[in-house]
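Residues per chain, in single letters:
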Amino acid sequence: MPKLQIEIDNGSGFCFGVTTAIKKAEEELAAGKTLYCLGDIVHNGMECERLRQLGLVTINHEEMKQLHDVKVLLRAHGEPPETYEMARRNNIEIIDATCPVVLQLQKRIKMQYETSPVASEGEKTTSSPTRMPGGVQIVIFGKRGHAEVLGLVGQTEGNAIVIENYEEVKRLDFSRDIYLYSQTTKSLDEFHRIIGYIHDHIAPTATFKSFDTICRSVANRMPNITQFASLHDLILFVCGRKSSNGKVLFSECLRVNPNSHLIEGPDEIDPSWLDGIQTVGICGATSTPKWLMEQCQQAILKR
């Protein structure tokens, strides 16, 4: 019987933004300082638990309102302007780990909003505050409620329109100007489909501009993981179930290799999956630590 081969995908693991945020947290904690983090530092429960044991305290926005004279780390996803204002009022020192790619996107959207003709408060329709008669539509292709998207919408005082998928693009007002941006971790292919639809339906009198703001270090993982998934009999995709990026990448694994399973850690590996298998590929999302993929590898070897 041939020996089972297990390969960990070199292209998987933390992206630059997440790596930087975790490094900043570890540096503060190593100095023995109390550090709060606004939201999970990464969408991976096991990595969050590791950092909790080092002393990182995860809080939400309501809890932050009650804090004064402390240090709070802002994770890679970024935050809306109100968070910085709250920190200023409460004398909170911000350790800003916002990903540079996200930070640049926030600045672009803020500048667009501040220079675009928008309706006054009284002109907004009561049914939809994002519908501004005579004003442009700043549209963000992203997941509603996602930390990064909340930060982006915050640059427009809540006036940006969020569309989650290709189907939702149809609800835009094509008689008015559209400025389209994307959450940094969304699918490049779907973004281009949305651009195509708007091009086909925008009124001749309206302006449409799209800004490709998808992070290439994330987007490039799609073709890489497509190839990786095709090389193995079994794919174990290690990922926290809250990761948006993970859902997209795992869907691609499943499309290429139906024998793919999403797991959060080694305890979820079903031994029956290995029956008759010669090669196993272990991969993950931008929020998946390498050490966790290695634990999964060891769990298989020890079976």
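Below you will find a few notes about this structure.

Parameters at a glance
Sequence order as written defines residue numbering, which begins from 1 separately in each chain. Local features are withheld for residues below a pLDDT of 70 in this predicted model, meaning they are given only at 70 or higher, and side-chain atom pairs are given and counted only at 80 or more; totals for whole chains, interfaces and linings count all residues. Heavy atoms from the whole structure form the basis of all side-chain values; hydrogens and water molecules are not counted. Two strands qualify as a pair provided that DSSP identifies no fewer than 2 bridges between them. We count a stretch as a helix when DSSP gives it H or I for four or more residues in a row; a strand needs E for two or more, and each element gets its number in order from the N terminus. Lines fitted to C-alpha atoms define the axes, with helix axes restricted to the stretch in contact, and inter-axis angles between N-to-C directions lie between 0 and 180 degrees. Between two residues, a contact is recorded if the distance between any of their heavy atoms is within 4.5 Å. The salt bridge criterion pairs a side-chain nitrogen of Lys or Arg with a carboxyl oxygen of Asp or Glu, the two atoms within 4 Å. Buried, partly exposed and exposed residues are distinguished by accessible area as a fraction of the type maximum, computed with a 1.4 Å probe on protein chains only: under 20%, between the cut-offs, and over 50%, respectively.

### Some details on the sheet that holds strand β8 (residues 178–182)
For step 1, the next point in the chain: The parallel open sheet is built from 4 strands, whose spatial order is β7-β6-β8-β9. The sheet terminates laterally at β7 (161–163) and β9 (208–210), the two strands that pair on one side only. Across this sheet, the average inter-strand angle for adjacent strands is 25°, counted without regard to direction.
For step 2, the next point in the chain: Taken together, the 3 bridges between strand β6 (residues 137–141) and β7 define a ladder with parallel strand orientation. Counterpart to I140 in the pairing with β7 is V162.
For step 3, the next point in the chain: Against the sheet, helix α5 (residues 100–115) engages β6 and β8, with an angle of about 165° to β8.

### So, the pattern of salt bridges
For step 1, the next point in the chain: Within the structure shown, the criterion is met by 18 salt bridges.
For step 2, the next point in the chain: In this structure, R50 engages E26 in a salt bridge whose closest nitrogen and oxygen atoms are separated by 2.7 Å. Of this pair, R50 sits in helix α2 (residues 45–54) while E26 sits in helix α1 (residues 16–30), and the two are 24 residues apart along the sequence.
For step 3, the next point in the chain: By relative accessible area, which is 28% here, R50 ends up partly exposed.
For step 4, the next point in the chain: Using a relative accessible area of 31% as the deciding quantity, one classes E26 as partly exposed.
For step 5, the next point in the chain: Across the pair R241 and E268 runs a salt bridge whose closest N-O atoms are separated by 3.0 Å. One end of the pair, R241, is in the loop between β10 (234–238) and α10 (244–256); the other, E268, is in the loop between β11 (260–263) and β12 (279–284), and 27 residues separate them in sequence.
For step 6, the next point in the chain: Overall, R241 belongs to the partly exposed group, its relative accessible area being 44%.

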